[in-house]
Amino acid sequence: MKLQFQGNTAELRSGIELLLKDLGVTEAEGGIVVSVEPSEKELQVGLQGNQAYIRYAAKHQFFRGLGLLVQKGGAGETFELSETQQFDTIGPMFDLSRNGVLTVGAFKFMLRKMALMGLNTVMLYMEDTYEIEGEPYFGYMRGRYSAAELKEIDDYADQFGIEAFPSIQTLAHLEEFLKWEPVKEYKDTKGALLVGSEKTDLLVENMIKSVMAPFRSKKIHIGMDEAEELGRGKFLDHNGHISRFDIMTNHLDKVLAVTRRLGLKSLMWSDMFLKLASSNGEDYYGHETQIPEEMAARIPKDVDLVYWDYNHVDSQDYETLIAKHRPLGNNLVFAGAVWVFNTFGVNYGLSLPATDTALTVCKKEGINEVYATMWGDDGMESNPYIAFLGLQLYAEHAYTAGSPDMDVVAERVKFCTGIDGDTYLQLKYLDETPGAEPNNQKQSNPSKFLLYQDVLLGLFDKQIEGLAMNEHYAGVEQNIASRRNPEAELDYLFEVPQKLAAVLKVKSEIGIELKRAYDAGDKETLKRIATETLPLISKAVSELRAAHRAQWLSMFKVFGWEVIDIRYGGVINRLDTASMRLIDYVEGRIDRVEELEQERLLYSTTNRFNNKGAGWCSYYYRMASPNVFFHVLNPF
């Protein structure tokens, strides 16, 4: 396909060249003549014969229009379409703080895909992964971005009309910085800053100045979520009991004094205010919570509140919780999610309906700014690339008055990323397994805990007993393999899920088989498992690790991979030890295998027996062992 542009394309030129290269389209005389024109509000795109037009009101709309023109024109269609943007601001939030720090090159790749989709903002969540002059431990060995790298990302985003801005933490969620002994003067509790301290106030001001310097945007997210431990450590020792609301609002006033002085627009997570107003001081989603007038009066009105909600699928939940925010009187922003949290896959069964419901309600409620968070909790085994189907749904919602047609979403994501929507959907079956609630709406994550659990200890065996997990994962492996396209640029993303399924089709139920054979005194089976099955699993894990390492190094900085490397090493080493102990038992060198003597108990109340799914665990170290990985004598 050849295009030639007419009109004022000066501000679009660099972005056009980048996207045409990705799309395999050339710009040359004799091609389709594309008239580029301004528009009052709507995006309008059309093609008839050798004449086309793109009319746009905002820079980012042009690039969505360019994608639509190539998509439909490449199929030989004559068409005219008009789209009205439903949200002023819409885009992803990338978690760049849980080991997976995107390289600048990978970030640019994401921005090009976002441009084709028509998204116009990106939030960079950085707890300590940016530089602060004079604070060498801030982001030390964590893959932090330099100011030059952040400027390069910002410059690149601007070519497509995408506003990049930082999301930082100015109160809690700073465990990875506060763990260092040389910075203990800033520390209240394990993750919360010692507020009220002059040194802390100066640190926060330096945080804001440092992180904003590379960006064009005057917008900053100042965090302040999940600060339940606030004031309960060193602050309590120094000041006695003071209400968390008073501590928080006093600190917020200081932070906003800095942002105002710098001419910045601040956003913050809303959860602490609703939690503090709840009956138990902890419930964010409580439908009975009422915001007292005195609380609303104390909260500054020039900070936007970001209501985050990742797992509701009923519109009434969103309507009720939005209404709960209204008495605060602040501008309300919404943050949903594409569920890559704490798993190797994507929980599309939950993400897609939750997104559709939430964004439909946001349109009805007049919320004009929405984000798709992609958290990397507990080490980022997953990645944002496999979330493209979820991001495409956000994008299509942004240009559709009601709910987008999922067939259109699938067509668009295939054009924008080269991968079929159905292929993306296969990733949900890594966790949507036998025993899961419909569409995995209780967020089970067996793909992770069945990989990391110890075969002799079998911590999750009771939860999956009677479920055909091996058979399920054999099907997942086959279904992913059958849908892959080696010619697709992103086909490599499915190597890790496919190889993980290859591990789990054997490993998932091996602990149950071991316990059954041991209890029956079936030493022949134990010997076969020790000499054949466990080495087979070990080999499959090694292959998975190699694929995962190649994928990681293609998109993330190297810092953080060592955590995943160590986890794989732990699995392989424990398989080796299990083989040794089983052979020692079978050959009479030991008279029992103590691990297999133990009764198997349910891991938690999150299980199929009470309709809460196949199981959930948030932390690797709890999946791998019930014993002490680390012990903190003084967490504060």
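Our subject in this report is the structure included herewith.

Criteria and cut-off values
- Residues numbered from 1 in each chain as written.
- Predicted model: local features only at pLDDT ≥ 70, side-chain atom pairs only at ≥ 80, totals over all residues.
- Heavy atoms only, no water.
- Helix = DSSP H or I, 4+ residues; strand = E, 2+ residues; numbered from the N terminus.
- Rg over C-alpha atoms; globule rule 2.2 N^0.38 Å.
- Buried < 20%, exposed > 50% of the residue type's maximum accessible area, 1.4 Å probe, protein only.
- Contact = heavy atoms within 4.5 Å.
- Areas by Shrake-Rupley, 256 points an atom, 1.4 Å probe, with all protein chains shown as cover.
- Lys, Arg positive; Asp, Glu negative; His and termini not counted.
- Charge placed at Lys NZ, Arg CZ, Asp CG, Glu CD.
- 1 Å grid on protein atoms, 1.4 Å probe; cavity = no way out; pocket = protein on both sides within 12 Å on 5 of 7 lines; lining within 4 Å.
- Points joined across faces, edges and corners; volume = space filled by probe spheres on them.
- Nonpolar A, V, L, I, M, F, W, Y, C, P; charged D, E, K, R; others polar.
- Patch = residues over 30% accessible without salt bridge, like charges linked within 9 Å, V, L, I, M, F, W, Y side chains within 5 Å.
- Salt bridge = Lys/Arg side-chain N within 4 Å of Asp/Glu carboxyl O.

## What to know about the overall build of the protein chain
And then number 1: In terms of regular secondary structure, the protein chain is built from 24 helices and 14 strands.
And then number 2: Here the C-alpha atoms of the protein chain give a radius of gyration of 26 Å, agreeing with the 26 Å that 2.2 N^0.38 yields for 636 residues.
And then number 3: Counting only C-alpha atoms, the protein chain reaches 85 × 65 × 45 Å along its principal axes.
And then number 4: A total of 636 residues make up the protein chain; the buried ones form 58% of that total.
And then number 5: Long-range pairs, those at least 24 residues apart, make up 76% of the contacts in the protein chain between residues at least 6 apart in sequence.
And then number 6: Of the accessible surface of the protein chain, which amounts to about 24,800 Å², a share of 48% is contributed by carbon and sulfur atoms.
And then number 7: Here the protein chain carries 67 positive and 92 negative side-chain charges, and the mean point of each set is 2 Å from the other.

## A few points about the layout of surface pockets
And then number 1: Of the volumes computed, that of the second largest pocket is approximately 210 Å³.
And then number 2: Lining the second largest pocket are 16 residues, and of these Tyr452, Asp454, Gly570, Arg574 and Ala624 sit closest to its centre.
And then number 3: The set of elements that each furnish at least two residues to the lining of the second largest pocket consists of helix H16 (446–452), helix H22 (561–586) and helix H24 (620–624).
And then number 4: The leading source of residues in the lining of the second largest pocket is H22, at five residues.
And then number 5: Tallied by class, residues from the lining of the second largest pocket come to nine nonpolar, three polar and four charged.

## Things to note about a nonpolar patch on the surface
And then number 1: Taken together, the side chains of Tyr140, Met141, Leu553, Val558 and Phe559 define a hydrophobic patch exposed on the protein surface, amounting to about 460 Å² of accessible area.
And then number 2: Position of phenylalanine 559 among the secondary structure elements: in the loop between helix H21 (523–555) and H22.

## So, empty space enclosed by the protein
And then number 1: Inspection of every chain in the model, using the stated rule, returns five cavities of 30 Å³ or more.
And then number 2: In terms of lining, the largest cavity is formed by Trp339, Phe341, Thr343, Asn347, Asp431, Asn440, Gln443, Ser444, Asn445 and Trp616.

No statement about biological role is implied by the geometric values presented.
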